[in-house]
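Here is how the chains run, residue by residue.
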Amino acid sequence: MYSKILLASDGSNHALRAAESALKLVTENFTKVTLLYIVDPNRIKKAPANSKYDEIFFRQKREEKLQSTEDLFIKHGVAYEVKMFKGDPEVEIIKFVNHHPHEILIMGSRGLSTLQEMVLGSVSHRVMKMAKCPVMVVK
């Protein structure tokens, strides 16, 4: 169905379900998936104090978080590439999708309660409002 799919993932169970949904949209041998991972340095408890090791630390975190998703794509023979950025996930996802056109963005929802979502909002909701392409949010 699609030739360019962007999958925003944080390695959570919601994100893995989004990856499974992405597989359903893949046209054999014609689809390339870009797997977007955003490291939020403010949310990592053991972020290194020395910037010399910063890149190695964040790359290891990405590999840990995305291993299940990458295994899923490999198992199904889906071509993919991984893009990793540091910063606020909402801002970085919007920036990437709006500057690197894809036919669809797929992402998981965090599953906030109605009250939490009303008070805090959600990354997926804000991304849907700002993205210049269709967005599929998977629960």
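All of these numbers come straight from a predicted model, not from anything done at the bench. By convention here, each chain's residues receive numbers from 1 onward along its written sequence. Local features in this predicted model are restricted to residues of pLDDT 70 or higher, and side-chain atom pairs are both shown and tallied only at a pLDDT of 80 or more, whereas totals for entire chains, interfaces and linings draw on every residue. Calculation of side-chain values draws on the structure's entire complement of heavy atoms; hydrogens and water are dropped beforehand.

J.: Can you tell me about the packing of helix α1 (residues 13-25) against helix α2 (residues 54-75), naming the residues and giving the values?
T.: Whenever a helix is involved, its axis is fitted only over the stretch in contact; in every case the axis is a line through C-alpha atoms, and angles between N-to-C directions fall within 0 to 180 degrees. A run of H or I in DSSP counts as a helix once it spans at least four residues, and a run of E counts as a strand once it spans at least two, with each numbered from the N terminus. Put simply, α1 and α2 touch, their axes get as near as 10 Å, and they point 15° apart. One way to sum up the angle between α1 and α2 is to call them roughly parallel. Considering only the axes of α1 and α2, their crossing is right-handed. Across from Leu16, Ala19, Glu20 and Leu23 in α1, the residues of α2 making contact are Ser68, Thr69, Leu72 and Phe73. Note that Gly is not counted as nonpolar here; it falls among the polar residues with everything else outside the nonpolar set of Ala, Val, Leu, Ile, Met, Phe, Trp, Tyr, Cys and Pro and the charged set of Asp, Glu, Lys and Arg. Across the contact of α1 with α2, the residue classes break down as 5 nonpolar, 2 polar and 1 charged. If an angle is under 35 degrees, it is roughly parallel; if it is over 145, roughly antiparallel; if it lies from 65 to 115, roughly perpendicular; otherwise it is oblique. Working rule for handedness: look at the near helix, and if it is turned counterclockwise from the far one by less than a right angle, call the crossing left-handed; if clockwise, right-handed. Contact between two residues is taken to exist if any of their heavy atoms lie within 4.5 Å; hydrogens are not considered.

J.: Before we move on, can you summarise the packing of helix α3 (residues 89-99) against helix α5 (residues 123-130) with the specific residues and values?
T.: Direction vectors running N to C along α3 and α5 enclose 30°, while the axes themselves pass 10 Å from each other. Overall, the two elements α3 and α5 adopt an arrangement that is roughly parallel. By crossing handedness, the relation of α3 to α5 is classed as right-handed. The segment α3 lies against α5, with Glu90, Ile93, Ile94 and Asn98 engaging Val123, Arg126, Val127 and Met130. Here the contact of α3 with α5 is composed, by residue class, of 5 nonpolar, 1 polar and 2 charged.

J.: Go over the sheet that holds strand β5 (residues 135-138) with me, naming the residues and quoting the values.
T.: An order of β3-β2-β1-β4-β5 is seen for the 5 strands of this open sheet, with the pairing classed as parallel. Two strands in the sheet have a free side with no partner beyond their single neighbour: β3 (79-86) and β5. For this sheet the average axis-to-axis angle between neighbouring strands, irrespective of direction, equals 20°. Here, a strand pair is defined by DSSP locating no fewer than two bridges between the strands. Of the pairings in the sheet, the one linking strand β4 (residues 104-108) to β5 comprises 4 bridges and is parallel in character. Across the sheet, residue methionine 107 finds its bridge partner in β5, namely valine 137. Most of the contacts of α3 go to strand β2 (residues 32-39), to which it runs at about 150°, and overall it touches β1 (4-8), β2, β3 and β4.

J.: So, the nonpolar core: which residues are in play, and what are the values?
T.: Membership of the largest hydrophobic core comes to 20 residues, with the highest contact counts inside it found for Ile5, Leu7, Val33, Phe73 and Ile106. Of all elements in the fold, only β1, α1, β2, α2 and β4 reach the threshold of two or more residues within this core. Discounting residues that sit within four places of it in the chain, phenylalanine 73 has contacts with Leu7, Ala19, Leu23, Val33, Val78 and Tyr80. Working definition of a nonpolar core: buried Ala, Val, Leu, Ile, Met, Phe, Trp, Tyr and Cys residues. They are joined through side-chain atoms within 4.5 Å. Accessibility here uses a 1.4 Å probe with only protein chains present; expressed as a share of the type maximum, an area under 20% marks a residue as buried, one over 50% as exposed, and anything in between as partly exposed. Of all hydrophobic cores here, the second largest spans 13 residues; its members include Ile38, Ile94, Phe96 and Cys133.

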